[in-house]
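A structural walkthrough
Listed here are the chains, written in short residue letters.
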Amino acid sequence: MTFELGENQYGKAETRLVRVDRGPQAHGITDLNVTTTLAGDLAATHLTGDNTGVLPTDTQKNTVHAFARDGIGEIEEFALRLARHFVDSAPAITRARVRVEQYGWERIPATGHSFTRTAGTRTASATYDGTTAWVVSGVEGVTVLNTTGSEFHGFPRDRYTTLAETSDRILATDVTARWRHADPTRTDWAASFAGAKDRLLNAFAATYSHSLQQTLYSMGQYVLSGDDGLAEARLALPNKHHFLVDLEPFDLDNPQQVYQVADRPYGLIEGTVRRTGAPDPGLAWW
């Protein structure tokens, strides 16, 4: 019986950091969660315990903190800087991916140093193989809800189907969306993110939905259509079910006013929308 080493990688997961930019009148906060993932010529550590090529994960954490001291900028730029550094400076490392989650804060009015967290998390990942870079931006944890404008009917029925068809329902989901950039050398990261997020939310609001799948495709189309530099969008939309409560046992009607919210189980709708002729994704989704 013989064995061989397959694909492998390692890194430092979820390095938390907050950078405070202290202006004379007001402060700014950049709040990040950074995960570094490295791959390369690492067979020796798996097969014999020889750690010659293993850049310690603690070093990766320290590098993230040290790079933040020089300034972070847009998270896509920060991820690219780190990914290139790990590949270019560590001889055994041939591929790096840096994923960044940014938690938004906004200043409380009438103060320059008090903040409140904003909804949703901005995300970015940069992958670099020593020659080529790939960048994916996104957002997650954005909860949206339509109180009408959604139907679900015409689905197949079998002996296990109990779900009633509906021509008017609440549609709610927690959006996770990521979009791949065709060119990692672009510099308008902030404007690109803001535009994509706005189009994502506008699509949810504007689409009369016959299924959450249809809504997903519309959201992906909207994201890509407003930015020629985007090649592909991937979305995951959990269906946050709202069931009309039966109030008849209490001699009450329920004209679509009182709902029971079920957090699990939930439908999970996932899909990809790709621009026709988009460049090959390469390692963008590694």
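Attention here is on the structure that accompanies the text. (Residues numbered from 1 in each chain as written. Predicted model: local features only at pLDDT ≥ 70, side-chain atom pairs only at ≥ 80, totals over all residues. Heavy atoms only, no water.)

So, the nonpolar core
What tends to happen in soluble globular proteins is that the nonpolar side chains get buried as a cluster. Among the nonpolar cores identified, the biggest contains 29 residues, and Leu 32, Val 34, Phe 78 and Leu 82 are the most heavily contacted of them. Residue assignment for this core shows that the elements contributing at least two residues are strand 1 (10-22), strand 2 (27-40), helix 2 (57-69), helix 3 (75-89), strand 3 (93-107), strand 4 (115-128) and strand 5 (133-146). In terms of residue count, the dominant contributor to this core is helix 3 (eight residues). Residues within four places of Leu 32 in sequence aside, it is in contact with Thr 15, Arg 16, Leu 17, Ile 72, Ile 75, Phe 78, Val 100, Glu 101, Gln 102 and Tyr 103. In terms of nonpolar packing, the next biggest core, distinct from the first, is built from 23 residues, Val 144, Leu 171, Phe 204 and Val 273 among them. (Core = buried A, V, L, I, M, F, W, Y, C linked by side-chain atoms within 4.5 Å. Buried < 20%, exposed > 50% of the residue type's maximum accessible area, 1.4 Å probe, protein only. Helix = DSSP H or I, 4+ residues; strand = E, 2+ residues; numbered from the N terminus. Contact = heavy atoms within 4.5 Å.)

Description of the packing of helix 2 against helix 3
Two elements in contact, helix 2 and helix 3, have axes separated by 11 Å at closest approach and are oriented at 135°. Compared by their axis directions, helix 2 and helix 3 come out oblique. For helix 2 against helix 3, the interelement crossing comes out right-handed. In this structure, helix 2 contributes Gln 60, Thr 63, Val 64, Phe 67 and Ala 68 to the contact, and helix 3 contributes Phe 78, Arg 81, Leu 82, His 85 and Phe 86. Partitioned by chemical class, the residues of the contact of helix 2 with helix 3 number six nonpolar, three polar and one charged. (Axes fitted to C-alpha atoms, helices over the stretch in contact; angles between N-to-C directions. Parallel < 35°, antiparallel > 145°, perpendicular 65-115°, else oblique. Left-handed = near helix turned anticlockwise from the far one by under 90°. Nonpolar A, V, L, I, M, F, W, Y, C, P; charged D, E, K, R; others polar.)

So yeah, pure geometry; function would need other evidence.
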